[in-house]
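Fold and contact review
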Amino acid sequence: MAASPAPPGTAPKLTDRKALDARRARARRMGPANPALFLHQDAIDEVQWRLSSVNRTFTSLAIVTGFPDLWQSAFPEARIVPDETILDFAPGAHDAVIHAMALHWADDPVGQMVQAHRALRPDGLFLAIFPGGRTLHELRASLAEAEAEVSGGLSPRVLPMAEIREVGALLQRAGFALPVADSATREVSYRSALHLMADLRAMGETNALEARLRRPVARALFSRAAQIHAQAFPAEGGRILATFEMLCLTGWTPHESQQKPLRPGSAAHRLASALNATEHRLPPDGRNG
């Protein structure tokens with residue numbers, strides 16, 4: 001049985017939702033052809049490939065996203081669910097739920113998964129795709145070094161993102177069976193860190209952290225960060241490097257037809273026989289040699 005999500009407002013507040021909505025709205029006004037949304041297009045391609053590789057026809061797909069037009073155009077048959085703390089789901093209404101490029105902003109990612117779990121029928125598919133921990137590690141390091149030099153301290157500027165070794169366990173906590181977590185990395189070059197930050201603004205992915213500084217920032221900070229980035233993370237042609245890591249989580253709501261692990265000690269054949277290897281027994285005292 002899936003665990004219950006934390007009641008709204010009890011999880012530590014990571015994201016200023018009002019600021020995030022404003023940043024996404026600005027990005028959406030540029031239209032689905034906005035070239036800065038290339039990560040969403042990568043995610044769409046990945047989801048389409050994964051759905052096509054499953055030997056199943058999904059008839060009631062739901063997609064959680066902050067970019068409804070973009071994802072609806074790729075999946076016209078899907079029901080689009082706004083990315084909010086409380087998701088607009090009816091229990092057991094869907095056979096597949098896609099959490100699309102939004103889980104990294106969730107204050108309670110397990111709570112989001114639990115809500116998706118409840119919205120799925122037995123043997124329903126949950127798939128989440130979102131940026132992971134190596135995303136923008138170059139920019140994070142450059143901003144931190146520049147801020148330490150310019151102001152003598154550090155402030156939250158780039159969203160802390162999950163590592164793949166952490167997120168797989170979240171699927172199990174939410175009650176999903178057959179959990180799988182994997183990742184892919186894309187390296188992109190930009191003219192400068194300032195152009196990268198402009199692209200992040202056009203993506204709707206600039207700083208919307210609740211703990212961010214609310215006062216204006218000295219222009220010298222970003223100029224210095226751009227210098228550090230160019231020196232530490234160069235790319236060909238005088239450009240700079242930016243890494244984007246995409247995490248993909250898949251899990252299924254439990255069903256009796258799914259594969260189950262065997263009981264310990266129930267194997268019918270020895271591992272040494274399967275590997276065509278010689279088996280050596282340990283002496284009674286447990287020491288080898």
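So, here is what we can say about the structure in this document. Note that this is a predicted model, so its numbers are computed, not measured. (Residues numbered from 1 in each chain as written. Predicted model: local features only at pLDDT ≥ 70, side-chain atom pairs only at ≥ 80, totals over all residues. Heavy atoms only, no water.)

Notes on the overall build of the protein
The helix and strand tally for the protein stands at nine helices and six strands. Across the 289 residues in the protein, those meeting the buried criterion constitute 44%. Summarising the internal contacts of the protein: among those between residues at least 6 apart in sequence, 82% fall at separations of at least 24. Surface accessibility of the protein: about 15800 Å² in total, with carbon and sulfur atoms responsible for 54%. (Helix = DSSP H or I, 4+ residues; strand = E, 2+ residues; numbered from the N terminus. Buried < 20%, exposed > 50% of the residue type's maximum accessible area, 1.4 Å probe, protein only. Contact = heavy atoms within 4.5 Å. Areas by Shrake-Rupley, 256 points an atom, 1.4 Å probe, with all protein chains shown as cover.)

A closer look at unusual backbone geometry
Look at Asp123: it is not a glycine, yet its phi comes out positive at around 60 degrees. Residue placement: Asp123 occurs in strand 4 (residues 120-131). Positioned with a positive phi, Leu136 is a non-glycine residue whose angle comes to about 60 degrees. Relative to the elements of secondary structure, Leu136 occurs in the loop between strand 4 and helix 5 (137-150). When its relative accessible area of 5% is taken as the criterion, Leu136 is described as buried.

So, the sheet that holds strand 1 (residues 61-65)
One open sheet accounts for six strands, arranged 2-1-3-4-6-5; its pairing is mixed. Since the sheet does not close on itself, it has two edges, and those belong to strand 2 (79-82) and strand 5 (177-190), each with one partner. Each adjacent strand pair in this sheet contributes to an overall mean axis angle of 15 degrees, direction not counted. Of the strand pairs in this sheet, strand 4 and strand 6 (residues 240-252) are connected by seven bridges, and their pairing is antiparallel. If you follow Leu127 over to strand 6, its bridge partner there is Thr250. (Pairing = 2+ DSSP bridges. Axes fitted to C-alpha atoms, helices over the stretch in contact; angles between N-to-C directions.)

Some details on the environment of Ala19
With respect to the secondary-structure elements, Ala19 resides in helix 1 (residues 17-28). Distance from Ala19 to Ala208, taken between C-alpha atoms, is 5.5 Å for residues 189 residues apart in sequence. Once residues within four sequence positions are removed from consideration, Ala19 is found in contact with Ala208 and Arg212.

So, the pairing of strand 2
Where strand 1 lies against strand 2, four bridges are found, and the strand directions are parallel. Bridging across to strand 2, Ile63 finds its partner in Ile80. The parallel pair strand 1 and strand 2, bridged by helix 3 (residues 68-74), forms a crossover whose chirality is right-handed. (Right-handed = clockwise from strand over helix to strand, strands pointing away.)

A word on the nonpolar core
Ranked by size, the top nonpolar core spans 47 residues in total, and within it Ile63, Trp71, Phe75, Tyr190, Leu196 and Phe244 carry the most contacts. If sequence neighbours within four positions are ignored, Phe75 has contacts with Ile44, Val47, Gln48, Leu51, Leu61 and Ile63. (Core = buried A, V, L, I, M, F, W, Y, C linked by side-chain atoms within 4.5 Å.)

Points about helix 6 (residues 164-173)
Taken together, the buried positions of helix 6 are occupied by Val167, Leu170 and Leu171. When helix 6 is viewed along its axis, its buried side chains cluster within an angular range of 100 degrees and face the same direction. Exposed residues pointing more than 90 degrees away from the buried face of helix 6 are listed as Arg165, Gln172 and Arg173. The inward-facing, buried residues of helix 6 abut helix 4 (109-119), strand 4, strand 5 and strand 6. Looking one or two places after helix 6, you find Gly175, whose phi comes out positive at around 100 degrees. (Arc of directions from axis to C-beta.)

A word on the packing of helix 7 (residues 193-203) against helix 8 (residues 219-232)
Where helix 7 contacts helix 8, the axes come no closer than 8 Å and their chain directions differ by 115 degrees. Overall, the two elements helix 7 and helix 8 adopt an arrangement that is roughly perpendicular. In contact with Ala193, Leu194, Leu196 and Met197 of helix 7, helix 8 contributes Phe222, Ala226 and His229. When its residues are assigned to classes, the contact of helix 7 with helix 8 shows six nonpolar, one polar and no charged. (Parallel < 35°, antiparallel > 145°, perpendicular 65-115°, else oblique. Nonpolar A, V, L, I, M, F, W, Y, C, P; charged D, E, K, R; others polar.)

Comments concerning the packing of aromatic side chains
Within this structure, the stated rule accounts for three aromatic pairs. For the pair Phe38 and Phe244, a centre-to-centre distance of 5.7 Å together with 90 degrees between the ring planes defines the contact as edge-to-face. Of this pair, Phe38 sits in helix 2 (residues 38-53) while Phe244 sits in strand 6, and the two are 206 residues apart along the sequence. Assigned by exposure class, Phe38 and Phe244 land together as buried. Each ring, one from Phe126 and one from Phe176, has its centre 5.0 Å from the other, and the planes form 15 degrees; the classification is stacked. Pair noted here: Phe126 is in strand 4 and Phe176 is in the loop between helix 6 and strand 5, with a separation of 50 residues, a long-range link. Judged on exposure class, the residue Phe126 and its partner Phe176 are both buried. (Phe/Tyr/Trp six-rings, centres within 6.5 Å; stacked < 30°, edge-to-face > 60°.)

Any link to function would need more than the numbers given here.
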